[in-house]
Every structure is written in C-alpha cells, then in structure tokens.
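The residues making up each chain are set out below.
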Amino acid sequence: MHWSDLASFLKTTAEQLHIPAGFCTVTQAHRTLFSCECGVDADALAKSRGASFWIYSATKPICAAAAMQMVEAGIFRLDEPVSRYLPEYTDLRVTDVQGAARPASNPLLIEHLLTMQGGFDYDLRPPAVQRLLQQKNAAVDTVRIAAAFAEKPLQFEPGTHFQYSLCLDVLGAVMEAASGIRLGRWMREKLFLPLGMLHTGFSPNEKAPPLAPQFRQQPDGSIRRTDPENFCRLTPLYESGGGGLCSTMDDYVRFADAMACGGRSREGVKILSQRSIDLMRQNRLAEPSLADFRRRYTRPGYGYGLGVRTSLGDGTAQSRGVFGWDGAAGAHILIDPSRELSLVYFQQVLDMEILYDHVFDKLDALLYQALDE
C-alpha cells in the first residue's frame, strides 16, 4: 500500500481551496491504515485537532443505523405508515401541477423517509414551524416540529420521486414516537456508548472537546470565519436526525469502522446485523426516482439506499454496495463492507460545493488506488 498520492492530494486540495483545517482517517478491519491532516491555517489546525465538529448530514447514516436497530427490535416496520406514529400525517396534501394543494393519494411510509421519497423539501422554517418557535416557554421538541412540517403540502406523491429533504428529520420524530425514547438517548445508549463514541450527541457537552472553528466559503472563493452554531439545531430540544449531530474524528471513525465490519466494533460489540447493513446499502430507487437522484448528484455510478448513497457496481464507481454520505461543512464518509474498509474526512467549511462535485470522487479513487498498489 502506498499512501503518498492520497496524502499529496489532500494537502494540495487544502492549499488550492484555502481549507483552514482538514483530517482524514482510513481504517480496515479495525486497524488504522492511514491518517493525515492538512490545512492552510495553523491556528485553525491547532484548534481543530481532536476537536468536536458539526457533522450536518453525515448524521444521516447514524440515524439510519439507529432506525434499523428499531426495525430489528420490532419497534416498527419499514412498510408502516408514518401516521401510525405521528397522527398529523394522516391527511397529507400534495401540490399539483397548477400549484394547488389536493389530498395525497399515497400514504407516507417509513421507508419513504429513509429513501428521500417522502415529498418534502428542505425548508426548516415553514410558517407552522415559525409559529412554534415564536411561542415563549414552549417545549418545542423533535416531535412537535416534525408534526408542524406536516402542515405544508408535499412536493409530490410519496414514493414517486426522490428529493433530498427533511425526510430523516421526520424519521427521527417517528423513532421517538414509536419507541417512547428520545432520539438522542436511543443513539447514546444503543450506538454511541457501545461503540465508545463518548463525544457524540445533539449538542456539545461539557466533557466533549471544544468545537472546531467553523468557516464559510464566500462567493469569491475566500474563506471566512462564521457563526459556530449548527443551522439544523432549531431549538435546544430539537434533535435533527438529518443534520444535528456533533462528533469527533475518533468517534465517527469508530462508527464507520463498525459498519464496515458487519456491525461489530473493534472491541467486539455488535450494534447492527450484517443483514440490516446490507438493506441500508441496497439501492432502493427505481425510475423516475433514480433519474431525480442523478440530476441532483452528478457523481456517476450511485443510487440511494436507506439514508445513504450506494454504489451500483456498474463500472463507473467502486464495487456494488460501497456506501456513505457527506455533510454541509465538508464531512465525507465512505464505507465498504466487502473490504471491511472505511474512510472518514472532516473539515468545517460551509458552502464549499466543489467538494461534492469533484474532490470527494477523486479522494475515493485515490483510496482504492493506494489499496491496490
């Protein structure tokens, strides 16, 4: 194995894009094969090393894994209607081609949430939520906000199209309502503590490392320090299954490594069955949803499973079932169960769109090049 090209690419990319601080770790079968840090800001590197990061949508694979734990425990089934647990979703409306709202014909199923086929958009603050947030001394939590999302008409009939959206936020509320346990508590007790992820949660706690500095790329390409808060965290009680987690590199590496190794941690703790992991990484999109996905995500060779992108093994990506997702501040996750392999990359720069269109594809290719040399 030769890692020089991967290390060089990370450092050159950081210099070209002015990334303040970035970190990458590759594991295989519970062993660290490669670890690298890069960045052009010495102060940001020092403050980000070992720090906590808002991982934004890299929360989704964790939420999906927790949902599959509930499926394994018999708490709900993927083919059940969301309205069984959130009554506000009983009489949904859909926007028709003329822009008018009409009653939905299809029920919204839990699987639709996991596959981004629920018909939602990514408006975190529709009018119904804004009204909730204006209430003083109100316990505005995950279930209440997800219930408010139901007031806005869906963009399409559930199950008929793909649209990246608030689906996993609604899923988090379903998980709470079905289990009777808050989403963060379930994740802590069933995932984080068993895996030794001691510094991951929906808010940084006093025992966690300080937050890494957060930056934002400007329209002119420059990088500026920005608000350290997570825009998905609508209230202190709102636990966003789609983007709310805060984690560290070491913690997320533990999760990715376990998912690559049949759901078993480096200490031998089992958190999920191989069958459930295989269900997550199976493409669930048929046409026209797959066409929707490919219009939205230009990297070739991928479909979408349960809360994760997944390679189709059609010659334009890695082997079938390599899965993962990314985060709004530049987190990138790759998990390959066929090789017990995982890659985790963290940085904290919002609005750096070039990463998702060009950089991460090259990063993944160099990973496999290093392994096969």
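It should be emphasised that the depicted structure is a prediction, and the values quoted were computed from it without experimental measurement.

## Observations regarding the sheet that holds strand β7 (residues 223-225)
What the three strands build is an open sheet, ordered β7-β6-β14; its pairing is mixed. Each edge of the open sheet carries a strand with a single partner, namely β7 and β14 (349-350).

## Some details on helix α11 (residues 289-296)
Of all the positions in α11, only Ser-289, Leu-290, Asp-292 and Phe-293 are classed as buried. Buried residues of α11, viewed axially, fall in a sector of 155°; they line one side. On the buried face of α11, the contacting elements are β9 (302-304) and β10 (309-311).

## A closer look at the pairing of strand β12 (residues 332-336)
With five of its five residues buried, β12 lies for the most part within the structure. Alternating positions in β12 separate into two faces, His-332, Leu-334 and Asp-336 on one and Ile-333 and Ile-335 on the other, with burial throughout. Pairing between β12 and strand β13 (residues 341-347): five bridges, direction antiparallel. Directly across from Ile-335, in β13, lies its bridge partner Ser-342. Counted between consecutive antiparallel strands, the loop separating β12 from β13 contains four residues, among which Glu-340 sits at a positive phi close to 50°.

## Examining the packing of aromatic side chains
Under the definition given, this model contains 20 aromatic pairs. Among the aromatic side chains, those forming a connected cluster through ring pairs are Tyr-122, Phe-162, Tyr-164, Phe-293, Tyr-297, Tyr-304 and Trp-325. One cation-aromatic arrangement involves Lys-190 over Trp-186; the distance from NZ or CZ to the ring centre is 5.3 Å. Looking at Arg-225, its charged tip hangs above the ring of Phe-215, at a distance of 5.8 Å from the centre.

What counts, and at which threshold
- Residue numbering note: each chain is counted from 1, following its sequence as written.
- Local features are withheld for residues below a pLDDT of 70 in this predicted model, meaning they are given only at 70 or higher, and side-chain atom pairs are given and counted only at 80 or more; totals for whole chains, interfaces and linings count all residues.
- Only hydrogens and water are removed before side-chain values are computed, so all heavy atoms of the structure are retained for them.
- Think of it this way: DSSP has to see at least two bridges between two strands before they count as a pair.
- Strands here are runs of E lasting at least two residues and helices are runs of H or I lasting at least four, both read from the DSSP assignment and numbered beginning at the N terminus.
- With a 1.4 Å probe rolled over the protein chains alone, any residue whose accessible area is under 20% of its type maximum counts as buried; one over 50% counts as exposed, and the rest are partly exposed.
- By arc we mean the arc of the directions from the helix axis to the C-beta atoms, nothing more.
- A contact between two residues is defined here by any heavy atoms of the two lying within 4.5 Å.
- The rule is short: rings of Phe, Tyr and Trp, with Trp giving its six-membered ring, pair when the centres are within 6.5 Å, and they are stacked under 30 degrees, edge-to-face over 60, tilted in between.
- Throughout this description, the term charge over a ring refers to an Arg CZ or Lys NZ atom that lies within 6 Å of the ring centre and within 35 degrees of the ring normal.

Take it as geometry only, folks, not as evidence of what the structure does.
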